Structures are given as C-alpha cells and as structure tokens.
Amino acid sequence: MLSLGIDIGGTKIASGLVDAAGAVHEARSHLVEGPAETAFHQVLDLARSHLASYPIQHIGVVLPGGVDPKTRVVASAPHLGWTDMPLAQRLGAELNRGVHVENDANAAAWAEHRFGAGRGGDSTALITIGTGIGGGLVVDNRLLVGRHGLGGQLGHIPRVTGGHPCACGADGCWEQYASGSALRAEARRRNWRPGPITGEEVLSAAVHGDPAAVRLIEWVSGHLAHGLTTIAAFLDPGEVVLGGGLGSDKRFVEYVRAALDAFHPSPSRGPVTVVGAELGIHSGVIGAADLAATVGGSAPR
Ligand SMILES: [Zn+2]
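Keep in mind that this is a model prediction, so the values were computed, not measured.

### Some remarks on helix α10 (residues 283–295)
Point 1. Between its terminal C-alpha atoms α10 stretches 18 Å, which fits the 18 Å expected from 13 residues at 1.5 Å a residue.
Point 2. Every buried residue belonging to α10 is among S283, G284, V285, I286, G287, A288, A289, D290, L291 and A292, and all of these are buried.

### A word on the coordination of the zinc ion
Point 1. Coordination of the zinc ion by the protein is provided by H156 (ND1), C166 (SG), C168 (SG) and C173 (SG), with metal-donor distances spanning 2.0 to 2.3 Å.
Point 2. In terms of primary sequence, the donors binding the zinc ion are separated according to H-x9-C-x1-C-x4-C. One end of the pair, H156, is in the loop between β11 (142–143) and α4 (175–178); the other, C168, is in the loop between β11 and α4, with twelve residues separating them in the sequence.
Point 3. Owing to a relative accessible area of 31%, H156 belongs among the partly exposed residues under this scheme.

### Some remarks on the domain arrangement of the chain
For an interface, size is often stated in terms of accessible area lost upon the parts coming together.
Point 1. Each assigned domain of the chain is listed with its residue range as follows: domain 1 (3–107 + 281–295) and domain 2 (121–278).
Point 2. Each of domain 1 and domain 2 has a C-alpha centre, and these two points are 28 Å apart.
Point 3. Taken over both partners, the interface formed by domain 1 and domain 2 buries close to 650 Å², and the fraction arising from carbon and sulfur atoms is 54%.
Point 4. Looking at the side of domain 1 facing domain 2, the largest losses of area belong to P69, A105 and N106, adding up to 67% of the total buried there.
Point 5. At the surface where domain 1 touches domain 2, the tally comes to zero residue pairs in polar contact (both at pLDDT 80 or more).
Point 6. Elements represented by at least two residues in the side of domain 1 that touches domain 2 include exactly β8 (98–103) and α3 (104–115).
Point 7. Here the side of domain 1 that touches domain 2 is composed, by residue class, of four nonpolar, two polar and one charged.

### A short note on the layout of surface pockets
Point 1. The volume enclosed by the largest pocket comes to roughly 1400 Å³.
Point 2. Considering the residues around the largest pocket, the lining is formed by 49 residues, among which P64, D104, A105, T128 and G134 are closest to the centre.
Point 3. Taken together, the elements giving at least two residues each to the lining of the largest pocket come down to β2 (12–18), β3 (24–31), α3, β9 (124–129), β10 (133–139), α8 (244–247) and α10.
Point 4. The element contributing the most residues to the lining of the largest pocket is α3, with five residues.
Point 5. By residue class, the composition of the lining of the largest pocket is 14 nonpolar, 29 polar and six charged.
Point 6. Each of domain 1 (3–107 + 281–295) and domain 2 (121–278) gives at least three residues to the lining of the largest pocket.

### What to know about the pairing of β10
Point 1. Burial of β10 is extensive: five of the seven residues sit out of reach of the surface.
Point 2. Bridging between β9 and β10 involves six bridges; their strand directions are antiparallel. Bridge pairing in β10 places L126 opposite G136.
Point 3. In this structure, the hairpin formed by β9 and β10 is closed by a connection of three residues.
Point 4. As judged from the two bridges shared by β10 and β11, these two strands associate in the antiparallel manner. Of the residues in β11, the one forming a bridge with V138 is L143.
Point 5. Here β10 folds back onto β11 in antiparallel fashion, the turn holding two residues, of which D140 has a positive phi close to 50°.

### Brief notes about the sheet that holds β2
Point 1. Strand order across the open sheet formed by five strands is β3-β2-β1-β4-β8, with mixed pairing between neighbours. Only two strands of the sheet have a single neighbouring strand rather than two, namely β3 and β8. Across the sheet, the axes of successive neighbouring strands diverge by a mean angle of 15°, strand direction being ignored.
Point 2. Note: β2 against β3, six bridges, orientation antiparallel. The residue of β3 that forms the bridge with L17 is H25.
Point 3. Strands β1 (3–8), β2, β3 and β4 (58–63) of the sheet are contacted by helix α1 (residues 36–53), whose axis makes an angle of about 155° with β3.
Point 4. Sheet contacts for α3: β1, β4 and β8; angle to β8, the most-contacted strand, approximately 100°.

Rules behind the numbers
- Residues numbered from 1 in each chain as written.
- Predicted model: local features only at pLDDT ≥ 70, side-chain atom pairs only at ≥ 80, totals over all residues.
- Heavy atoms only, no water.
- Helix = DSSP H or I, 4+ residues; strand = E, 2+ residues; numbered from the N terminus.
- Expected span 1.5 Å × (residues − 1).
- Buried < 20%, exposed > 50% of the residue type's maximum accessible area, 1.4 Å probe, protein only.
- Donors = N, O, S within 2.8 Å, 3.2 Å for Na, K, Ca; no water.
- Domains from an automatic or database assignment.
- Buried area = accessible area lost by both parts, 1.4 Å probe.
- Polar contact = N/O pair within 3.5 Å; in protein donor to acceptor, adjacent residues only side chain to side chain.
- Nonpolar A, V, L, I, M, F, W, Y, C, P; charged D, E, K, R; others polar.
- 1 Å grid on protein atoms, 1.4 Å probe; cavity = no way out; pocket = protein on both sides within 12 Å on 5 of 7 lines; lining within 4 Å.
- Points joined across faces, edges and corners; volume = space filled by probe spheres on them.
- Pairing = 2+ DSSP bridges.
- Axes fitted to C-alpha atoms, helices over the stretch in contact; angles between N-to-C directions.
- Contact = heavy atoms within 4.5 Å.

What follows is the structure, encoded as structure tokens:
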C-alpha cells in the first residue's frame with residue numbers, strides 16, 4: 001500500500017509514493033511555476049499524474065505555512081500567496097480522496113519519528129538549524145500542533161530577556177542566538193572577517209584552529225545546548241534529532257555535544273544526547289504521505 005506525499009517548498013514541489021516502511025518510490029521534483037491558483041493547479045496535476053500510475057488511497061501535502069488544526073485550512077503560506085486556503089478540501093473534492101495538509105517542519109519531525117533517527121521511541125524532538133530554527137515535536141506518538149497549529153515552533157522560545165529583535169515581533173528568541181543567521185550576525189558584530197560570511201566558513205575556520213572562530217562556534221553551540229536542555233526537561237525524548245545545514249554537519253554536532261557536557265545532567269534523566277537527522281530532503285514527502293495514511297486525510301484527528 002503506497003501513499004502519496006507532496007512537499008511544496010519555496011522554489012520546488014517534491015513528490016513521491018511512500019510505502020509502509022517509509023521508502024520513497026517515483027520521486028519527482030518540479031519548480032514552482034507561480035503563486036495562488038497556478039500553484040494549486042500544479043499540485044492538482046501532479047497528484048493526478050501519480051494517481052494515473054497507482055491506485056493511491058491517501059494523499060498528504062505539506063508546505064511552509066500555518067495550518068488550522070481543526071479545519072485543516074492553510075491559514076497563511078506567504079510565498080504561495082495563500083491565506084485561509086481550503087487546500088485539503090479543494091484537492092479532496094477534485095481527486096475524490098481524503099487529503100491531509102500539514103506544516104512542512106511538523107511533517108519532517110513526524111517522518112524522523114516514524115522512520116528516521118527517532119524511530120522506535122515514543123517522543124521525538126527535531127531541531128533544524130538553518131536560517132532560523134525549525135523543527136517539530138512528536139509527544140507520545142502524536143504530533144504536537146497546539147490550538148493555532150503553531151505548537152513546536154521552537155525557534156521562538158525566549159532565550160535572552162530584551163535580546164536581539166526577531167522577525168516574529170518578539171525580542172531575544174532562541175533562533176537569534178543559535179541559528180546559522182545568528183552565527184553570521186554575531187561574526188559581523190565581532191568584525192570576525194570583512195565581507196559576506198557563511199556559517200560554514202566560520203565552522204571550517206574553527207575546526208582549523210582560528211581562535212576567534214572557535215569562540216563564535218562555542219557561542220552559538222552554547223546557546224543551542226541551553227535550548228536543547230530546556231526541551232529535554234519538558235519532553236524527555238531520549239535523543240534530540242538535529243537537522244538542517246548546520247545541524248547536520250558532524251563537525252558542528254561535536255561542538256554541540258561539548259557544550260551539552262558543560263550542563264550538569266539531571267540524575268534521573270541523564271545527559272542530553274543529540275543525533276543527526278537521517279531522512280534529508282525526502283523527510284517532507286515521507287512525513288506528508290505517512291501522516292495522510294495515519295490520520296486518513298481531511299478527517300479531524
Ligand atoms: Zn521570534
């Protein structure tokens with residue numbers, strides 16, 4: 001039994017048929033041709049083309065945006081120009097199938113929980129470290145979505161009172177101290193090097209012994225480790241799964257482990273341990289398809 005997963009990203013739409021073991025078949029990738037109705041019809045045509053080759057029962061679609069947990073309406077997906085878009089209902093009516101719609105970060109967390117680095121456990125915290133901090137939480141085998149579908153948006157955990165302003169409107173959020181962008185901003189504040197800087201450059205310089213770069217990586221790892229310890233305190237997930245460009249870099253993970261060692265571990269829970277995400281670019285497609293198969297399309301959970 002295969003389910004269809006569709007992952008609408010910023011520039012590409014990925015899709016594939018996913019089996020009960022989480023393996024992807026007929027993987028496809030297309031550039032997003034346009035916002036609004038253009039994107040909707042592109043997703044619809046893509047689903048129809050998969051349906052023509054295999055009798056799919058369940059369809060899941062994930063996207064970077066907020067999804068109302070009760071109505072499953074896409075509350076806001078700015079890059080697609082969708083506001084209050086009844087995507088699951090419209091696709092379901094056209095395709096005569098149940099369609100499940102979810103936020104892409106939540107779907108990635110679900111995929112890692114079921115088939116990736118979190119498999120076999122009851123709870124999984126996925127923290128993706130890139131431009132910001134993304135990810136999601138699976139608690140006792142349920143995806144945590146909260147009242148507004150914004151549960152598990154961990155980048156906006158308060159980290160520093162009165163700290164750096166965040167795009168969300170608050171000050172001092174975790175992602176202003178522990179993301180790739182935070183690392184670049186701090187490197188500029190410290191005049192580490194003239195010109196544009198990437199987090200990868202700072203990390204490579206640190207690994208090669210540049211003392212200022214080491215201090216920068218220890219700064220960002222320390223803030224990351226503090227937040228991971230906070231998450232472990234309320235979730236007790238066993239391991240925390242790290243993903244994203246910086247988070248999946250083994251050299252960076254070693255710095256994070258060293259920073260975590262600086263915290264005195266809870267005697268009952270033990271030290272916080274981190275592992276790398278395993279599913280990479282397919283996590284959205286896998287999570288979309290498996291959530292659809294698990295919750296059965298647009299029916300309420
Ligand atoms: Zn914020």
